[in-house]
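# Per-entry structural report
Read off the chains here:
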Amino acid sequence: MKLFDLISMTMRNLLRRKARTLLTMTGVVVGTCAIVVMISLGLAMTQAMEESLAQMGDLTQITIQNYGSSKDKPKLDDAVLTKISQIEGVIAVTPFASVSNMNMKMTAGRNDRYEMHMYDLVGVYSEALKHFGYEVQQGELLSSGTNTKKTVNIMMGSQTVYNFTDTKRSWRNNQVSPYPDEKGKIEDPFVDPIQDKMTLKLESSSYNDKGEPQYPTITKEVHVTGILKENNSLGWETGYGSFIDIRDLKELYKEYKRVNKIRDDKKNNEMNQDTLSNYAQVKVKVSSIDLVSQVDQMIKDMGYETYSLDSVREPMQKQMKQQQLFLGSLAAISLLVAAIGITNTMIMSIYERTREIGVMKVLGCKVGNIRVVFLMEAGVIGFCGGVAGVGISILFSKILNYMAMTGSFAGENGGFLAGMMGGMGMMGGGAQLSIIPLWLILGAIVFSTIIGLVSGFYPANRAVKISALEAIKHE
């Protein structure tokens, strides 16, 4: 038999018993719809979790915490950071270091009228900042290698310039607020860090009996490379901090120690952190979320304490997988019932068409063609049921998302669904409750078709085993 003849016979047989075919197909529709909807809810839950964690910080970032020192604790210096940068998946490493015992302030204006104490100056590898997602709203990112003995490069946070105070004013109004007033207007700061000339002063922290500085002040011209865009997920530094290349900070501190006659206390390990020889905090950027756990474990094996959002993400993922497995199991039961329905329908079709099968055999029809006809009938039921189930799922998904967008689940009646979605705060604000990607649509249709073929395999084999003579005698 030709392929066209097989298809034509299949369609005629299915349409011969329209009601029975439709009822059997309905089971596949319900099963497919249940599975697609449950998977789509799980995908939406996962996306909501990722977005929620992304607001807390970078999912591909690991923080090495090295606060406090002991003999058993390994040193965290540039040599160790070089080793960490060579781990597979690591694309950037930088310390976040500061010096607590260096008295620094920045001045601007005529006669240094405006000044700002540099308590929040943080040393980093300038070349690593772009990999961590730092962006500037003005100027450009911090760069190294352009400093001279008289100048130093610094990059400021978006609100850092508001830390300048006016030394000519009373302490009650000597600072500009970065927040809008009653009319919604934000005043300009005293200093324009990009245009104005500024000076960094490293002043003596010791004074003589007359209250005068015991050591001379070190003065450097400041070049502000840029102003950062504020991003809370990247840290407070983007708002009120300042960055300097760690190598430049080390040179400044080296000169400061020489002028102020500061000696390193080798017995005091905490001092070693201040001298930038043992970093208190290091951040590591990983190329992929999937590699975070692996890199994190390798760093822990080196003897360091780490923190990453992956430690929060993993238990949440496990919980969601358990929920999805439970919901998917419920949906699979309905598809199993549909498969039994297809098998039952095909067996009933064999009883009704036993004589027809016998005639086909007597006329010389190949046994394989008979098997193909029954498999095609079962496959068509699975395919059509899958297509209809996917269509209904897409419609249901759109309804769910529309109700979420309009806040229909925010009231008392939405409590159950809100809890089922994992408490991710998805009951409003335009968040999607259901996500059906293309791969899920195609996968559902293919899967339902396979279910139909598998369900029709036993009836098809049973059909070809019927004796031709007995089949012809069958009433």
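What comes next concerns the included structure. (Residues numbered from 1 in each chain as written. Predicted model: local features only at pLDDT ≥ 70, side-chain atom pairs only at ≥ 80, totals over all residues. Heavy atoms only, no water.)

Let us now look at the overall build of the protein. When helices and strands are tallied, the protein shows 13 helices and 13 strands. Each of the 475 residues in the protein was classed as buried or not, and the buried ones make up 45%. Expressed as a percentage of contacts within the protein between residues at least 6 apart in sequence, the contacts between residues at least 24 apart total 79%. (Helix = DSSP H or I, 4+ residues; strand = E, 2+ residues; numbered from the N terminus. Buried < 20%, exposed > 50% of the residue type's maximum accessible area, 1.4 Å probe, protein only. Contact = heavy atoms within 4.5 Å.)

Turning our attention to the environment of Asp188. One can find Asp188 in the loop between strand E8 (165-166) and strand E9 (198-202). On a C-alpha basis, the gap between Asp188 and Tyr162 in space is 8.7 Å, while along the polypeptide they are 26 residues apart.

Our next topic: the nonpolar core. Inside soluble globular proteins, nonpolar side chains tend to come together where they are buried. In this structure, Met106, Phe164, Met198, Phe243, Val284 and Ile299 are the most contacted members of the largest nonpolar core, which totals 66 residues. One finds Val28, Ile342, Ile381 and Ala463 within the second-largest nonpolar core, a separate group that totals 20 residues. (Core = buried A, V, L, I, M, F, W, Y, C linked by side-chain atoms within 4.5 Å.)

Take the pairing of strand E7 (residues 151-156) next. In terms of residue burial, E7 counts as a mostly covered element, since five of its six residues are buried. Sheet topology note: the E7/strand E10 (residues 218-228) ladder contains six bridges and is parallel. The residue of E10 that forms the bridge with Met155 is Gly226. With two bridges joining them, E7 and strand E11 (residues 242-245) adopt antiparallel strand pairing. Bridge pairing in E11 links Met155 to Phe243. (Pairing = 2+ DSSP bridges.)

Under the counting rule described, the total for this entry stands at three aromatic pairs. Each ring, one from Phe96 and one from Phe243, has its centre 6.0 Å from the other, and the planes form 80°; the classification is edge-to-face. Separated by 147 residues along the polypeptide, Phe96 in the loop between strand E2 (90-95) and strand E3 (104-108) and Phe243 in strand E11 bring together distant segments of the chain. Both rings, one in Tyr134 and one in Phe243, keep their centres 5.5 Å apart while their planes meet at 80°; by these two values the pair is edge-to-face. One end of the pair, Tyr134, is in the loop between strand E5 (121-124) and strand E6 (136-139); the other, Phe243, is in strand E11, and 109 residues separate them in sequence. The rings of Phe96, Tyr134 and Phe243 are connected pair by pair, giving a single aromatic cluster. Across the ring face of Phe96, the terminal group of Lys283 is positioned such that the distance to the ring centre comes to 4.4 Å. (Phe/Tyr/Trp six-rings, centres within 6.5 Å; stacked < 30°, edge-to-face > 60°. Lys NZ or Arg CZ within 6 Å of the ring centre and 35° of its normal.)

What follows deals with the sheet that holds E2. The sheet built from four strands is open, its strands ordered E2-E12-E1-E13 with antiparallel pairing. With partners counted over all chains shown, the strands left at the sheet margins are E2 and strand E13 (305-308), one partner each. Sheet twist, expressed as the average angle between the axes of neighbouring strands with direction ignored, equals 20°. Judged from the five bridges that link them, strand E1 (residues 61-65) and strand E12 (residues 281-286) form a sheet pairing that is antiparallel. Bridge pairing in E12 places Ile64 opposite Val282. Its contacts with the sheet place helix H3 (residues 78-85) against E1, E2 and E12, and it is angled at close to 165° to E2. (Axes fitted to C-alpha atoms, helices over the stretch in contact; angles between N-to-C directions.)

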